[in-house]
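# Commentary on secondary and tertiary structure
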Amino acid sequence: MRDFLELSVSAAASGCVYGLVALAYLLMIRPTGIVNFAVGELAMLAAFGGYVTHSLMQLSYPAGLAAVLLVMLGVGWLTERIAVRPLLERGAPILAPILALLGMLVIFRESISLTFSPDPYPVPYAFGFGRLELGPLSGSYQSFFIIATTLAVFAGAWFFFERTVAGKCFEAVALNRRAAALMGINLARVTTLAFAAGAGAAGLAGILVGANISAHYLMGVPLAIQGFTALVIGGVGRVEGALLGGLLLAFAEQLTVRYAPIAAGYAQAVPFLFLMIFLLVRPTGLLQAKRVA
Amino acid sequence: MKISSKLIAGLACALAVALFPAHAQETVKIGVITDKVGPAKPYAEPITQGIEVGAAEINAKGGVLGRKIELMIEDDQGKPDVSATMARKLVDSGAVFILSVSLTPATQQAQTVSLATKTPQMTPSNSGDTLTTQIDNPYFWQTGPLGSIQIATLLSYAGTKNYKRAALVSDNSDLGQLLARFFRSGLEKADIQVVSEELISRGATSAEPQMQKVRAANPDVLVSAGVLTAENVLMLKAYRQLGLKMPLLASYNFSVPVYMSVAKGLLDGVTFVDAYDPAKPEVKAFEATYKRVTGKDPFNLHGYGYDGMRLVADAIQRAGAVDKEKIKAAIQATDFAGVMGAKGMKYRFPAGKRTGFDPNGMVVRVYEGDRQGRVVHVGQGKPQ
Amino acid sequence: MKLLGRGLAAALLLSGFAFLLSAYYNDVYRKLLLWATLALSYNFLFGVCGQVAFSHFTFYGIGAYAVVILLVQLGLPLPLAIAGGVALCALVALVVAIPSTRLEGFYLGLATLALAQLFIVILNEGGALTGGTGGLANYRLPKVFGVEVTGPRYTVVIVLLLLGTFAILWRLDRSWFGRACRAVRDNPETAAAMGVDVVRIKVIVFTLTSALAGIAGMVYAFVDNTVNPPIFGLDNAFLLLFMVIVGGAGRHAGAILGAVLLYLLPFMLSPVIGHHHALVFGILVLGAILLQPRGLIGIYDALRRRFA
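Bear in mind the structure is a predicted one, so any value in this text is a computation, not a measurement.

What counts and how
Residues numbered from 1 in each chain as written. Chains lettered and ligands numbered in written order. Predicted model: local features only at pLDDT ≥ 70, side-chain atom pairs only at ≥ 80, totals over all residues. Heavy atoms only, no water. Helix = DSSP H or I, 4+ residues; strand = E, 2+ residues; numbered from the N terminus. Buried < 20%, exposed > 50% of the residue type's maximum accessible area, 1.4 Å probe, protein only. Contact = heavy atoms within 4.5 Å. Lys, Arg positive; Asp, Glu negative; His and termini not counted. Salt bridge = Lys/Arg side-chain N within 4 Å of Asp/Glu carboxyl O. Core = buried A, V, L, I, M, F, W, Y, C linked by side-chain atoms within 4.5 Å. Buried area = accessible area lost by both parts, 1.4 Å probe. Polar contact = N/O pair within 3.5 Å; in protein donor to acceptor, adjacent residues only side chain to side chain. Pairing = 2+ DSSP bridges. Axes fitted to C-alpha atoms, helices over the stretch in contact; angles between N-to-C directions.

## Digging into unusual backbone geometry
Positive phi values are uncommon outside glycine, yet Gln58(A) reaches one of about 55°. Counting through the fold element by element, Gln58(A) comes out in the loop between helix 2 (39-56) and helix 3 (61-89). Even without glycine at this site, Asn138(C) takes up a positive phi of about 65°. Among the structural elements, Asn138(C) can be located in the loop between helix 6 (127-130) and helix 7 (152-174). Residue classification places Asn138(C) among the exposed residues on the basis of a relative accessible area of 55%.

Next up, the structure:
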């Protein structure tokens, strides 16, 4: 039982990271329909940013974190400007920006790989390497920090979409681009905001998880795939779905490894089987989008 | 008829050039297949740099058989099918020897070419035991430290500790799986029961479930056969977080210096097997040479490449001619002391075998604080 | 008849070319032709029928491993091994396709993503049957009617594979089937309203293109006489997607153009640019798509219009 509770903290932390990546996808998909597979590379950029601000620039953790997130917002803006806006304005098919973003994925990864050596780099911990016991639960400081931060982000995101006018505009664009434009919503502004915020979410995921997995040039694609999986499980309709999907995926992965009485090699297959079965049973995801009427 | 002296001089020159072609233009072409962009890059890059320094040093001393070495370096992107293509490119371009320093399956697939074209091929770094056994290729040699040697060396060090139960952890890379297989059989041969065998996937975000399983199985020792550095660090973090106390014996991957920066504060007491003894005079000479040529400090990976290049040059010198069959025979007869390996170790290929790293040639070292400590054990002899 | 003549001419030209090339260029040419074949069938699935899937290389792998296992480990004669491989591919494709037709857009993409990863795990854990992480090597194509089919002669086999795949897809594309596929891609509800059996079309296309990929895989198995897991993984699946989109999704010529360019690009860039070549690759792909969102074939079309 103690193992299970301990594992829950670790799984919850991983789930939060997946959830943040899924949120990044979600923020970018909803107003534009574009799947940005480069979210993993955005996470990687932030992880390296964490290394640079901590080890090279000697900034304190909060200062470093803030700096990295600001930079990530800028990167998101830049990505949208370069790879998305020119194509959307010319009425290109939806595949075009997806491919352009895949091109950016390669550019990000190779730029990092060439600037830094191909070895992994240390990313700072928020509160150091220690372990915390909260009643029956025990986990690393970083795990608790990840959980707390992610809950705060999702609470903020929920509040934004449910309670603010700006959030409603966002939803409107997601439901029907043309109608939203006709209602006077500035599509370009919404798209830019979406990409900037998405990059911020992905960056946060990267710098949080980077403390454990280290910053290296190949960390992007696995994160992107796990985040995408979380997104589909949770459903694209609701922000909370991203977090739910991430948690379910992480718990499935880690509980299987710990408790399933099968060889470690086969345990790898379980998340994929789980996903495939899930898709056949409930392809629209767990949480449905809110119906208007 | 008066023959102009200039004309005679001109004819004499032309005759001379025709009869004695400039040897400076003929080189010994050595092909290198490396990975510049894929998953093997962290290892292939320094190894290739070691090869380059080795070649530069040999050329500075006059080259091999009076000719300069010309390195033809190709990138296989870490992809096995591209590796085979690059091997063909090198053979077509006149390479008489191919050095493979990319991933294990890439080296494997390139063997199709060395076998078909009867071109000698060697890996100075790959440690997968099956490279010389999966296909019977008499033109392929391997001087990397085999997985079976690594585990045997670690276990001979641990001999007095009387371990009965071991947990084995690895990753899902090709080499990681291969090492896990040979580590397992090494453990079983030493009558140690493998009570838990865990696997950390590439891209995992936590190794706590695996380490919890290890803790639940209550082993006497934890053996790491993983070769993905980031995932190994993840494992080490979980090991420390869960407060596991059993000793950790690790493969040669832990000998790579990057651990000292990326796993700071976590390494004290970790025991690993290495092929690099910093106290060895050859190593000191190598470090000085490397520093002189490139201005940078090398580490153990560079040594593999350096040794590989010099071993090949030595074989070609002994062969007496730039002829593939003669080089093949010469390589098989290698008796070469290099930078890598324990003091006094020589690369030798016993009759009929094509693995050249001496089974007693590895050393065991321990991390003291965050620094790679001294050598505590050598080879598979009785522990000190 | 004219088509047959053209086909024969193409076959002779492409095969004859192989006999003029050295071993290295032959190898590049062979693998290029295989990628072009895969791009054609993937283009039909993705570009013409609009189904996002990442399983193409999985079926390539199923075909490759199946023929080797049946031939070498079970000792079946070659024709039976080939038939068995095709049957296995079609079977797996059907098993995946039938439930997947309920999935839209990127949900199918995700299911096939999971399938692709599952396949790699199966290969790695397959023990002696699949050769585990090291794969299978040390086998050879048996003599066909007493002839050793290696080297440039094997390239002829690949040329025939490419032309055969092209012929099948081209013929289908021009028929009602192709139109139905495009209808399903562009607007499934309207297609259904017009009497197109959307589910049946999706299943047939998925099964057919996956089987074609499987056949290509069987041919691949004897190129280097080695099959191992890394080739059939997701990296190549993404590259295939790149190729089809860069070339111009929905057009056969686009698929071939994309495959040729993106396959040869690293080889051309590497000697010139050294280890920066992947970065340049990314910049070129980005630039190409910004320049012409419809892909390279769009550039070709524009040029043709200009000079018409």
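Picking up where we left off.
## Observations regarding the environment of Leu179(B)
All names here are of chain B. By the secondary structure assignment, Leu179 is in helix 6 (residues 174-189). In the structure, Leu179 is positioned 52 residues away from Ser127 in sequence and 8.2 Å away in space, judged by C-alpha atoms. Ignoring any residue separated from it by four or fewer positions in sequence, one finds Leu179 in contact with Ser127, Gly147, Gln150, Ala225, Val227, Ser251 and Tyr252.

## Quick word on the side chain of Glu253(A)
In this structure, Glu253(A) sits in helix 10 (residues 239-259). Despite being buried, Glu253(A) has no salt bridge partner; Arg202(B) is the closest side chain of opposite charge, sitting 14 Å away. Those residues in contact with Glu253(A) that sit more than four places away from it in its chain are Tyr18(A), Gln226(A) and Pro271(A).

## Things to note about the nonpolar core
Met211(B), Leu222(B) and Phe232(C) are the most contacted members of the largest nonpolar core, which has 314 residues in total. Among residues more than four places away in sequence, those in contact with Leu222(B) are Ala167(B), Val169(B), Met211(B), Val214(B), Met235(B), Tyr239(B), Met246(B), Pro247(B), Leu248(B) and Leu249(B).

## Some points on the interface of chain C and chain A
Counting residues at the interface gives 38 residues for chain C, matched by 40 residues for chain A. Surface buried jointly by chain C and chain A totals about 3500 Å² across both partners, of which 82% is contributed by carbon and sulfur atoms. Linking chain C with chain A are two residue pairs in polar contact (both at pLDDT 80 or more). Contributing elements (two or more residues each) for the side of chain C that touches chain A: helix 4 (78-100), helix 5 (105-124), helix 11 (234-247) and helix 13 (277-291) of chain C.

## Remarks on the interface of chain C and chain B
Between chain C and chain B, the residue contacts involve 31 residues of the former and 25 residues of the latter. Taken together, both faces of the contact between chain C and chain B bury some 2300 Å²; the carbon and sulfur share is 53%. Among the residues chain C hides against chain B, the three largest losses belong to Tyr24(C), Thr133(C) and Asp224(C). Together they make up 23% of the total. Linking chain C to chain B there are two salt bridges. Here Arg88(B) makes a salt bridge to Asp27(C), at a shortest N to O gap of 2.9 Å.

## Remarks on the sheet that holds strand 3 (residues 97-100) of chain B
Residue and element names in this part refer to chain B. Reading across from one edge, 2-1-3-4-5 is the order of the five strands in this open sheet, with parallel pairing throughout. Sheet topology places strand 2 (68-75) and strand 5 (140-142) at the edges, where each strand pairs with a single neighbour. Neighbour-to-neighbour, the strand axes of the sheet open up by a mean angle of 25°, direction not taken into account. The sheet contact formed by strand 1 (residues 27-34) and strand 2 spans eight bridges and is parallel. From the neighbouring strand, Gly31 faces strand 2, where its bridge partner is Met72.

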